[in-house]
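Per-entry structural report
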Protein chains: 2
Amino acid sequence: MIAQTFDIESMEKSFRTNLINHLSGGKAVHLIGTFNEQGQSNLAIFSNVIHVGANPAMMGILFRPVGADSHTYKNIQANKRFTLNHIPFSLAQQAHQTSARYPLSTSEFEACGIEEERIPEFDAPFVKQSLVKIGLIWEEEHLIKSNQTILLVGKIQYISVEDSILLPNGNIDLDLAQSLSAGGLDSYYQLKKVAQFPYAKVSADPSHEPRRNS
Amino acid sequence: MIAQTFDIESMEKSFRTNLINHLSGGKAVHLIGTFNEQGQSNLAIFSNVIHVGANPAMMGILFRPVGADSHTYKNIQANKRFTLNHIPFSLAQQAHQTSARYPLSTSEFEACGIEEERIPEFDAPFVKQSLVKIGLIWEEEHLIKSNQTILLVGKIQYISVEDSILLPNGNIDLDLAQSLSAGGLDSYYQLKKVAQFPYAKVSADPSHEPRRNS
(Lines give C-alpha, C1' and ligand atoms only; values in the text may rest on other atoms or scores of the structure.)
Protein backbone atom coordinates (compact mmCIF):
# COMPACT_ATOMS: atom_id res chain seq x y z
CA MET A 1 0.00 0.00 0.00
CA ILE A 2 1.18 3.47 -0.87
CA ALA A 3 -0.52 6.51 0.66
CA GLN A 4 0.21 10.22 0.41
CA THR A 5 -1.07 13.07 2.58
CA PHE A 6 -4.52 13.24 0.99
CA ASP A 7 -4.94 9.44 1.16
CA ILE A 8 -3.97 9.43 4.83
CA GLU A 9 -6.44 12.18 5.67
CA SER A 10 -9.26 10.37 3.86
CA MET A 11 -8.63 6.93 5.39
CA GLU A 12 -11.43 5.29 7.40
CA LYS A 13 -10.73 6.37 11.00
CA SER A 14 -10.05 3.02 12.69
CA PHE A 15 -7.94 1.80 9.76
CA ARG A 16 -5.82 4.97 9.96
CA THR A 17 -5.52 4.71 13.74
CA ASN A 18 -4.30 1.10 13.50
CA LEU A 19 -1.94 1.79 10.62
CA ILE A 20 -0.30 4.92 12.02
CA ASN A 21 0.05 3.28 15.44
CA HIS A 22 2.04 0.48 13.76
CA LEU A 23 4.47 2.69 11.82
CA SER A 24 6.77 3.12 14.80
CA GLY A 25 7.20 -0.66 14.85
CA GLY A 26 7.30 -2.73 18.04
CA LYS A 27 6.74 -0.41 21.01
CA ALA A 28 7.86 -1.17 24.55
CA VAL A 29 4.88 -1.33 26.90
CA HIS A 30 4.96 -0.44 30.56
CA LEU A 31 2.51 -0.36 33.44
CA ILE A 32 2.64 3.08 35.09
CA GLY A 33 1.83 3.14 38.80
CA THR A 34 0.77 6.30 40.63
CA PHE A 35 -1.06 7.47 43.76
CA ASN A 36 -3.80 10.08 43.59
CA GLU A 37 -4.08 12.82 46.21
CA GLN A 38 -6.12 10.52 48.45
CA GLY A 39 -3.37 7.89 48.32
CA GLN A 40 -5.50 5.64 46.05
CA SER A 41 -3.26 3.66 43.72
CA ASN A 42 -3.71 3.79 39.94
CA LEU A 43 -2.20 1.55 37.27
CA ALA A 44 -2.32 2.07 33.51
CA ILE A 45 -0.69 0.51 30.46
CA PHE A 46 1.33 2.82 28.17
CA SER A 47 3.17 2.09 24.93
CA ASN A 48 4.67 5.57 24.50
CA VAL A 49 7.69 5.36 26.80
CA ILE A 50 11.06 6.55 25.50
CA HIS A 51 14.68 6.55 26.67
CA VAL A 52 15.79 10.15 27.24
CA GLY A 53 19.26 9.89 28.72
CA ALA A 54 21.62 7.72 30.77
CA ASN A 55 23.40 10.44 32.76
CA PRO A 56 21.38 11.96 34.28
CA ALA A 57 19.19 8.85 33.99
CA MET A 58 15.86 9.93 32.49
CA MET A 59 12.88 8.49 30.64
CA GLY A 60 9.89 10.10 28.97
CA ILE A 61 6.22 9.32 28.39
CA LEU A 62 4.08 10.86 25.66
CA PHE A 63 0.60 11.47 27.08
CA ARG A 64 -2.54 11.85 24.98
CA PRO A 65 -4.26 15.26 25.33
CA VAL A 66 -5.34 15.64 28.95
CA GLY A 67 -9.01 14.91 29.63
CA ALA A 68 -11.34 13.82 32.40
CA ASP A 69 -9.90 10.29 32.36
CA SER A 70 -6.22 11.27 32.47
CA HIS A 71 -5.75 9.81 35.95
CA THR A 72 -2.09 8.90 35.51
CA TYR A 73 -1.10 12.33 34.22
CA LYS A 74 -3.03 14.14 36.96
CA ASN A 75 -1.60 11.89 39.67
CA ILE A 76 1.94 12.67 38.49
CA GLN A 77 1.15 16.38 38.58
CA ALA A 78 -0.07 15.98 42.15
CA ASN A 79 2.64 13.69 43.56
CA LYS A 80 5.51 14.04 41.08
CA ARG A 81 6.40 10.36 41.59
CA PHE A 82 5.49 7.44 39.33
CA THR A 83 6.70 3.94 38.51
CA LEU A 84 7.38 2.18 35.19
CA ASN A 85 7.03 -1.59 35.31
CA HIS A 86 7.92 -4.03 32.51
CA ILE A 87 5.07 -6.39 31.66
CA PRO A 88 5.89 -10.10 31.78
CA PHE A 89 3.95 -12.28 29.33
CA SER A 90 2.06 -13.85 32.26
CA LEU A 91 0.43 -10.44 32.95
CA ALA A 92 -0.52 -9.58 29.36
CA GLN A 93 -4.29 -9.91 29.74
CA GLN A 94 -4.49 -8.11 33.08
CA ALA A 95 -2.16 -5.37 31.85
CA HIS A 96 -4.33 -4.77 28.75
CA GLN A 97 -7.41 -4.65 30.99
CA THR A 98 -5.99 -1.61 32.85
CA SER A 99 -6.80 0.40 29.71
CA ALA A 100 -10.53 0.14 30.52
CA ARG A 101 -12.08 3.36 31.85
CA TYR A 102 -12.24 2.53 35.55
CA PRO A 103 -13.44 5.35 37.81
CA LEU A 104 -10.83 7.34 39.76
CA SER A 105 -12.07 5.65 42.95
CA THR A 106 -10.96 2.25 41.62
CA SER A 107 -7.46 0.83 41.81
CA GLU A 108 -6.64 -1.04 38.61
CA PHE A 109 -4.33 -3.22 40.71
CA GLU A 110 -7.43 -4.58 42.47
CA ALA A 111 -9.79 -4.38 39.51
CA CYS A 112 -7.47 -6.20 37.11
CA GLY A 113 -5.93 -8.68 39.53
CA ILE A 114 -2.39 -7.28 39.55
CA GLU A 115 -0.43 -7.46 42.79
CA GLU A 116 0.60 -4.04 44.14
CA GLU A 117 3.99 -3.59 45.82
CA ARG A 118 4.82 -0.68 48.09
CA ILE A 119 8.39 -0.12 49.28
CA PRO A 120 9.91 2.28 51.82
CA GLU A 121 12.53 3.57 49.33
CA PHE A 122 10.10 5.11 46.83
CA ASP A 123 6.61 6.55 47.31
CA ALA A 124 4.65 5.18 44.34
CA PRO A 125 3.08 1.76 43.70
CA PHE A 126 5.03 -0.93 41.79
CA VAL A 127 3.84 -4.09 40.03
CA LYS A 128 5.09 -6.96 42.19
CA GLN A 129 5.45 -9.48 39.33
CA SER A 130 7.50 -7.16 37.09
CA LEU A 131 11.15 -8.16 36.62
CA VAL A 132 12.10 -4.55 35.81
CA LYS A 133 10.73 -1.81 38.09
CA ILE A 134 11.66 1.85 37.81
CA GLY A 135 10.81 4.75 40.10
CA LEU A 136 10.87 8.24 38.60
CA ILE A 137 10.22 11.82 39.68
CA TRP A 138 8.73 14.52 37.42
CA GLU A 139 11.49 16.62 35.84
CA GLU A 140 9.96 18.62 32.98
CA GLU A 141 7.26 18.41 30.32
CA HIS A 142 6.55 19.80 26.86
CA LEU A 143 3.27 20.39 25.04
CA ILE A 144 3.28 19.16 21.43
CA LYS A 145 1.35 22.00 19.80
CA SER A 146 0.34 20.01 16.72
CA ASN A 147 -1.96 17.67 18.65
CA GLN A 148 -1.88 18.73 22.31
CA THR A 149 -0.05 15.61 23.44
CA ILE A 150 2.47 16.06 26.26
CA LEU A 151 5.98 14.69 26.60
CA LEU A 152 6.59 14.23 30.33
CA VAL A 153 10.20 13.58 31.34
CA GLY A 154 11.07 11.91 34.63
CA LYS A 155 14.37 11.41 36.41
CA ILE A 156 15.11 7.83 37.48
CA GLN A 157 15.51 7.54 41.26
CA TYR A 158 15.03 3.82 41.84
CA ILE A 159 15.76 0.72 39.74
CA SER A 160 14.99 -2.91 40.51
CA VAL A 161 16.09 -5.53 37.98
CA GLU A 162 15.81 -9.27 38.66
CA ASP A 163 19.38 -10.58 38.92
CA SER A 164 18.58 -13.50 36.58
CA ILE A 165 18.07 -11.14 33.59
CA LEU A 166 20.86 -8.62 34.30
CA LEU A 167 24.07 -9.20 32.34
CA PRO A 168 27.54 -8.26 33.69
CA ASN A 169 27.88 -5.32 31.25
CA GLY A 170 24.60 -3.73 32.34
CA ASN A 171 22.50 -5.08 29.47
CA ILE A 172 19.18 -6.72 30.28
CA ASP A 173 18.37 -10.01 28.54
CA LEU A 174 14.98 -9.06 27.08
CA ASP A 175 14.47 -12.67 25.92
CA LEU A 176 14.69 -13.98 29.46
CA ALA A 177 12.83 -10.98 30.85
CA GLN A 178 9.88 -11.81 28.58
CA SER A 179 9.06 -8.10 28.64
CA LEU A 180 6.21 -7.45 26.23
CA SER A 181 6.27 -5.11 23.26
CA ALA A 182 3.13 -3.77 21.59
CA GLY A 183 2.05 -3.48 17.99
CA GLY A 184 -0.50 -0.72 17.57
CA LEU A 185 -3.31 -0.77 20.14
CA ASP A 186 -4.28 -4.41 20.52
CA SER A 187 -1.35 -6.71 19.70
CA TYR A 188 1.42 -7.89 22.02
CA TYR A 189 4.78 -9.36 21.08
CA GLN A 190 7.69 -11.07 22.80
CA LEU A 191 11.28 -10.37 21.84
CA LYS A 192 13.75 -12.89 20.44
CA LYS A 193 17.39 -11.80 20.27
CA VAL A 194 18.82 -12.24 16.77
CA ALA A 195 22.02 -10.18 16.68
CA GLN A 196 24.57 -8.27 18.73
CA PHE A 197 27.29 -6.08 17.24
CA PRO A 198 30.34 -4.22 18.60
CA TYR A 199 30.49 -0.41 18.59
CA ALA A 200 30.53 0.48 14.88
CA LYS A 201 33.69 2.06 13.44
CA VAL A 202 34.29 3.37 9.94
CA SER A 203 37.01 0.76 9.61
CA ALA A 204 34.99 -2.00 11.24
CA ASP A 205 34.11 -3.74 8.01
CA PRO A 206 36.56 -3.41 5.09
CA SER A 207 33.93 -4.47 2.57
CA HIS A 208 31.91 -1.47 3.75
CA GLU A 209 34.68 1.10 3.65
CA PRO A 210 33.34 4.40 2.33
CA ARG A 211 34.22 5.10 -1.30
CA ARG A 212 35.25 8.59 -2.38
CA ASN A 213 32.31 10.40 -3.95
CA SER A 214 33.13 11.93 -7.33
CA MET B 1 19.85 -5.59 41.48
CA ILE B 2 18.40 -2.65 43.34
CA ALA B 3 19.81 0.85 42.81
CA GLN B 4 18.79 4.23 44.16
CA THR B 5 19.82 7.69 42.97
CA PHE B 6 23.24 7.65 44.61
CA ASP B 7 23.98 4.13 43.29
CA ILE B 8 22.97 5.15 39.77
CA GLU B 9 25.20 8.22 39.83
CA SER B 10 28.18 6.20 41.03
CA MET B 11 27.82 3.34 38.53
CA GLU B 12 30.70 2.61 36.15
CA LYS B 13 29.89 4.66 33.04
CA SER B 14 29.44 1.94 30.41
CA PHE B 15 27.48 -0.27 32.83
CA ARG B 16 25.11 2.62 33.56
CA THR B 17 24.79 3.48 29.87
CA ASN B 18 23.86 -0.11 28.99
CA LEU B 19 21.49 -0.53 31.93
CA ILE B 20 19.59 2.74 31.51
CA ASN B 21 19.33 2.19 27.75
CA HIS B 22 17.60 -1.13 28.48
CA LEU B 23 15.03 0.17 30.97
CA SER B 24 12.65 1.30 28.25
CA GLY B 25 12.52 -2.32 27.03
CA GLY B 26 12.56 -3.33 23.37
CA LYS B 27 12.87 -0.20 21.24
CA ALA B 28 11.78 0.06 17.64
CA VAL B 29 14.73 0.86 15.38
CA HIS B 30 14.54 2.81 12.15
CA LEU B 31 16.92 3.95 9.46
CA ILE B 32 16.50 7.70 8.94
CA GLY B 33 17.24 8.95 5.44
CA THR B 34 18.03 12.60 4.64
CA PHE B 35 19.71 14.80 2.04
CA ASN B 36 22.24 17.46 3.01
CA GLU B 37 22.27 20.88 1.35
CA GLN B 38 24.45 19.53 -1.45
CA GLY B 39 21.93 16.77 -2.15
CA GLN B 40 24.25 14.13 -0.65
CA SER B 41 22.22 11.35 0.96
CA ASN B 42 22.70 10.37 4.60
CA LEU B 43 21.41 7.30 6.45
CA ALA B 44 21.54 6.68 10.20
CA ILE B 45 20.08 4.14 12.62
CA PHE B 46 17.92 5.49 15.47
CA SER B 47 16.19 3.66 18.33
CA ASN B 48 14.41 6.71 19.75
CA VAL B 49 11.39 6.96 17.46
CA ILE B 50 7.95 7.41 19.02
CA HIS B 51 4.33 7.47 17.84
CA VAL B 52 2.94 10.98 18.39
CA GLY B 53 -0.51 10.89 16.85
CA ALA B 54 -2.72 9.24 14.20
CA ASN B 55 -4.73 12.29 13.11
CA PRO B 56 -2.88 14.35 12.13
CA ALA B 57 -0.44 11.49 11.50
CA MET B 58 2.80 12.34 13.31
CA MET B 59 5.91 10.65 14.68
CA GLY B 60 8.78 11.94 16.81
CA ILE B 61 12.51 11.33 17.16
CA LEU B 62 14.56 12.13 20.25
CA PHE B 63 17.95 13.43 19.12
CA ARG B 64 21.09 13.41 21.27
CA PRO B 65 22.51 16.89 21.99
CA VAL B 66 23.50 18.43 18.68
CA GLY B 67 27.22 18.25 17.85
CA ALA B 68 29.58 18.26 14.90
CA ASP B 69 28.43 14.77 13.87
CA SER B 70 24.69 15.42 14.02
CA HIS B 71 24.30 15.05 10.25
CA THR B 72 20.73 13.74 10.35
CA TYR B 73 19.48 16.54 12.61
CA LYS B 74 21.23 19.24 10.57
CA ASN B 75 19.95 17.81 7.28
CA ILE B 76 16.37 17.89 8.59
CA GLN B 77 16.84 21.52 9.64
CA ALA B 78 18.06 22.31 6.12
CA ASN B 79 15.54 20.33 4.05
CA LYS B 80 12.67 19.69 6.49
CA ARG B 81 12.08 16.28 4.88
CA PHE B 82 13.25 12.89 6.17
CA THR B 83 12.33 9.22 5.88
CA LEU B 84 11.85 6.50 8.50
CA ASN B 85 12.51 2.97 7.25
CA HIS B 86 11.86 -0.25 9.18
CA ILE B 87 14.89 -2.53 9.32
CA PRO B 88 14.38 -6.09 8.08
CA PHE B 89 16.55 -8.73 9.79
CA SER B 90 18.52 -9.17 6.56
CA LEU B 91 19.84 -5.60 6.93
CA ALA B 92 20.77 -5.78 10.63
CA GLN B 93 24.55 -5.69 10.20
CA GLN B 94 24.56 -2.94 7.56
CA ALA B 95 22.01 -0.90 9.54
CA HIS B 96 24.16 -1.08 12.69
CA GLN B 97 27.20 -0.05 10.63
CA THR B 98 25.50 3.28 9.77
CA SER B 99 26.19 4.32 13.37
CA ALA B 100 29.91 4.61 12.56
CA ARG B 101 31.17 8.20 12.29
CA TYR B 102 31.36 8.55 8.52
CA PRO B 103 32.31 12.01 7.24
CA LEU B 104 29.54 14.26 5.93
CA SER B 105 30.86 13.71 2.42
CA THR B 106 30.05 9.99 2.63
CA SER B 107 26.67 8.43 1.97
CA GLU B 108 26.04 5.62 4.46
CA PHE B 109 23.90 4.00 1.77
CA GLU B 110 27.07 3.49 -0.28
CA ALA B 111 29.44 2.99 2.62
CA CYS B 112 27.31 0.34 4.34
CA GLY B 113 25.95 -1.43 1.26
CA ILE B 114 22.31 -0.39 1.63
CA GLU B 115 20.33 0.28 -1.55
CA GLU B 116 18.99 3.83 -1.80
CA GLU B 117 15.58 4.49 -3.32
CA ARG B 118 14.48 7.89 -4.64
CA ILE B 119 10.86 8.48 -5.63
CA PRO B 120 9.12 11.40 -7.34
CA GLU B 121 6.44 11.65 -4.63
CA PHE B 122 8.77 12.57 -1.74
CA ASP B 123 12.12 14.38 -1.73
CA ALA B 124 14.22 12.33 0.71
CA PRO B 125 16.05 9.00 0.32
CA PHE B 126 14.37 5.72 1.30
CA VAL B 127 15.83 2.27 2.04
CA LYS B 128 14.79 0.09 -0.91
CA GLN B 129 14.69 -3.18 1.07
CA SER B 130 12.48 -1.83 3.87
CA LEU B 131 8.94 -3.21 3.98
CA VAL B 132 7.71 -0.11 5.82
CA LYS B 133 8.81 3.30 4.49
CA ILE B 134 7.59 6.62 5.85
CA GLY B 135 8.16 10.15 4.54
CA LEU B 136 7.83 12.99 7.05
CA ILE B 137 8.17 16.76 7.11
CA TRP B 138 9.46 18.78 10.08
CA GLU B 139 6.55 20.07 12.18
CA GLU B 140 7.95 21.23 15.54
CA GLU B 141 10.69 20.46 18.05
CA HIS B 142 11.34 20.79 21.76
CA LEU B 143 14.58 21.07 23.73
CA ILE B 144 14.72 18.81 26.79
CA LYS B 145 16.43 21.18 29.24
CA SER B 146 17.64 18.45 31.58
CA ASN B 147 20.10 16.99 29.06
CA GLN B 148 19.90 19.09 25.89
CA THR B 149 18.30 16.31 23.85
CA ILE B 150 15.72 17.40 21.26
CA LEU B 151 12.32 15.91 20.48
CA LEU B 152 11.72 16.54 16.78
CA VAL B 153 8.15 15.93 15.57
CA GLY B 154 7.39 15.26 11.93
CA LYS B 155 4.11 15.05 10.05
CA ILE B 156 3.66 11.92 7.92
CA GLN B 157 3.24 12.75 4.23
CA TYR B 158 4.03 9.43 2.55
CA ILE B 159 3.57 5.79 3.62
CA SER B 160 4.63 2.64 1.79
CA VAL B 161 3.77 -0.71 3.41
CA GLU B 162 4.37 -4.03 1.64
CA ASP B 163 0.91 -5.49 0.94
CA SER B 164 1.97 -8.89 2.32
CA ILE B 165 2.32 -7.53 5.88
CA LEU B 166 -0.68 -5.15 5.92
CA LEU B 167 -3.81 -6.55 7.58
CA PRO B 168 -7.36 -5.53 6.52
CA ASN B 169 -7.91 -3.50 9.72
CA GLY B 170 -4.78 -1.39 9.21
CA ASN B 171 -2.56 -3.37 11.58
CA ILE B 172 0.88 -4.41 10.34
CA ASP B 173 1.98 -7.99 11.02
CA LEU B 174 5.31 -7.26 12.76
CA ASP B 175 6.13 -11.00 12.80
CA LEU B 176 5.98 -11.18 9.02
CA ALA B 177 7.56 -7.76 8.62
CA GLN B 178 10.60 -9.00 10.58
CA SER B 179 11.10 -5.39 11.63
CA LEU B 180 13.92 -5.26 14.17
CA SER B 181 13.71 -3.94 17.69
CA ALA B 182 16.74 -2.90 19.72
CA GLY B 183 17.85 -3.62 23.26
CA GLY B 184 20.17 -0.93 24.52
CA LEU B 185 22.92 0.04 22.10
CA ASP B 186 24.20 -3.24 20.65
CA SER B 187 21.47 -5.91 20.70
CA TYR B 188 18.78 -6.55 18.11
CA TYR B 189 15.57 -8.51 18.51
CA GLN B 190 12.80 -9.86 16.33
CA LEU B 191 9.16 -9.77 17.41
CA LYS B 192 6.94 -12.80 17.96
CA LYS B 193 3.21 -12.11 18.40
CA VAL B 194 1.86 -13.69 21.58
CA ALA B 195 -1.50 -12.03 22.24
CA GLN B 196 -4.22 -9.80 20.82
CA PHE B 197 -7.09 -8.39 22.87
CA PRO B 198 -10.30 -6.48 22.10
CA TYR B 199 -10.77 -2.86 23.26
CA ALA B 200 -10.83 -3.15 27.06
CA LYS B 201 -14.08 -2.33 28.87
CA VAL B 202 -14.75 -2.19 32.61
CA SER B 203 -17.25 -4.98 32.10
CA ALA B 204 -15.05 -6.93 29.71
CA ASP B 205 -14.01 -9.51 32.25
CA PRO B 206 -16.44 -10.26 35.12
CA SER B 207 -13.67 -11.83 37.21
CA HIS B 208 -11.92 -8.47 36.99
CA GLU B 209 -14.91 -6.30 37.84
CA PRO B 210 -13.82 -3.46 40.12
CA ARG B 211 -14.69 -4.00 43.78
CA ARG B 212 -16.03 -1.14 45.87
CA ASN B 213 -13.23 0.38 47.93
CA SER B 214 -14.14 0.76 51.59
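Residues numbered from 1 in each chain as written. Chains lettered and ligands numbered in written order. Predicted model: local features only at pLDDT ≥ 70, side-chain atom pairs only at ≥ 80, totals over all residues. Heavy atoms only, no water.

1. Some thoughts on the pattern of salt bridges
All names here are of chain A. Taken as a whole and assessed by the stated rule, the structure comprises six salt bridges over all chains. Of the charged contacts, one joins Arg118 and Glu116 as a salt bridge, the two residues approaching to 2.6 Å between their closest N and O atoms. Given the relative accessible area of 53%, Arg118 is considered exposed. Note on Glu116: relative accessible area 24%, which makes it partly exposed. (Salt bridge = Lys/Arg side-chain N within 4 Å of Asp/Glu carboxyl O. Buried < 20%, exposed > 50% of the residue type's maximum accessible area, 1.4 Å probe, protein only.)

2. Considering the relation of the copies chain A and chain B
In screw terms, the move from chain A to chain B is a rotation of 180° and a rise of 0.0 Å along the axis, fitting with an RMSD of 0.0 Å. On the angle and the small slide along the axis, the relation comes out as a two-fold axis. If distances are taken from each C-alpha of chain A to the rotation axis, the shortest is found for A:Leu191, at 2.5 Å. When the interface residues of chain A are mapped onto chain B, 99% of them again fall at the interface, so both copies present the same face. (Least-squares fit on C-alpha atoms with pLDDT ≥ 70 in both. Contact = heavy atoms within 4.5 Å.)

3. Let's talk about the nonpolar core
One finds A:Leu23, A:Ile156, A:Ile172, B:Leu23, B:Ile156 and B:Ile172 to be the most contacted residues of the largest nonpolar core, which totals 70 residues. Setting aside its immediate chain neighbours within four residues, B:Leu23 contacts A:His30, A:Met59, A:His86, A:Val132, A:Ile134, A:Ile156, A:Ile159, A:Val161 and A:Ile172. (Core = buried A, V, L, I, M, F, W, Y, C linked by side-chain atoms within 4.5 Å.)

4. Considering the pairing of strand β7 (residues 81–86) of chain B
All names here are of chain B. Of all six residues that make up β7, five are buried, and the element is covered over most of its length. As paired strands, strand β3 (residues 30–35) and β7 are joined by four bridges and run antiparallel to one another. What sits directly across from Leu31, in β7, is Asn85. Pairing analysis gives five bridges linking β7 to strand β10 (residues 132–144), with the strands arranged antiparallel. Of the residues in β10, the one forming a bridge with Asn85 is Lys133. (Helix = DSSP H or I, 4+ residues; strand = E, 2+ residues; numbered from the N terminus. Pairing = 2+ DSSP bridges.)

5. Here's the deal with helix α2 (residues 13–22) of chain B
In terms of burial, α2(B) is largely enclosed, as seven of its 10 residues are buried. The complete set of buried residues in α2(B) reads B:Phe15, B:Arg16, B:Asn18, B:Leu19, B:Ile20, B:Asn21 and B:His22.

6. Side note on the sheet that holds strand β2 (residues 27–28) of chain A
Strand order in the open sheet made by the six strands is β2(A)-β12(A)-β13(A)-β13(B)-β12(B)-β2(B), with antiparallel pairing throughout. Since the sheet does not close on itself, it has two edges, and those belong to β2 of chain A together with β2 (27–28) of chain B, each with one partner. Strand direction decides the pairing type here: β2(B) and strand β12 (residues 181–183) of chain B, joined by two bridges, are antiparallel. Among the inter-strand pairings, B:Ala28 is bridged to a residue of β12(B), identified as B:Ser181.

7. Some details on the confidence of the model for chain A
All names here are of chain A. Looking at chain A as a whole, its pLDDT mean stands at 93, while 95% of the residues score no less than 70. This model gives residues 208–214 a pLDDT under 50, and the stretch forms 20 contacts once residues within four places in sequence are excluded. Both scores are given for the predicted complex: the pTM is 0.93, the ipTM 0.93. (pLDDT = per-residue confidence, 0-100.)

8. Things to note about the pairing of strand β10 (residues 132–144) of chain A
Residues and elements named next belong to chain A. Where β10 lies against strand β11 (residues 149–161), 12 bridges are found, and the strand directions are antiparallel. From the neighbouring strand, Ile144 faces β11, where its bridge partner is Thr149. Linking β10 back to β11 in an antiparallel pair, the connection comprises four residues, with Gln148 at a positive phi of about 65°.

9. Section: the interface of chain A and chain B
On the chain B side, the residues contacting the 115 residues of chain A number 114 residues. Carbon and sulfur atoms make up 57% of the surface buried where chain A meets chain B, a total of about 9,800 Å² over both sides. At the boundary of chain A with chain B, the tally comes to zero salt bridges. Put simply, chain A and chain B have 52 residue pairs in polar contact (both at pLDDT 80 or more) between them. Examined bridge by bridge, β11(A) and strand β1 (residues 2–4) of chain B share three bridges and lie antiparallel to one another. Residue pairing in the sheet places A:Ile159 in a bridge with B:Ala3 of β1(B). (Buried area = accessible area lost by both parts, 1.4 Å probe. Polar contact = N/O pair within 3.5 Å; in protein donor to acceptor, adjacent residues only side chain to side chain.)

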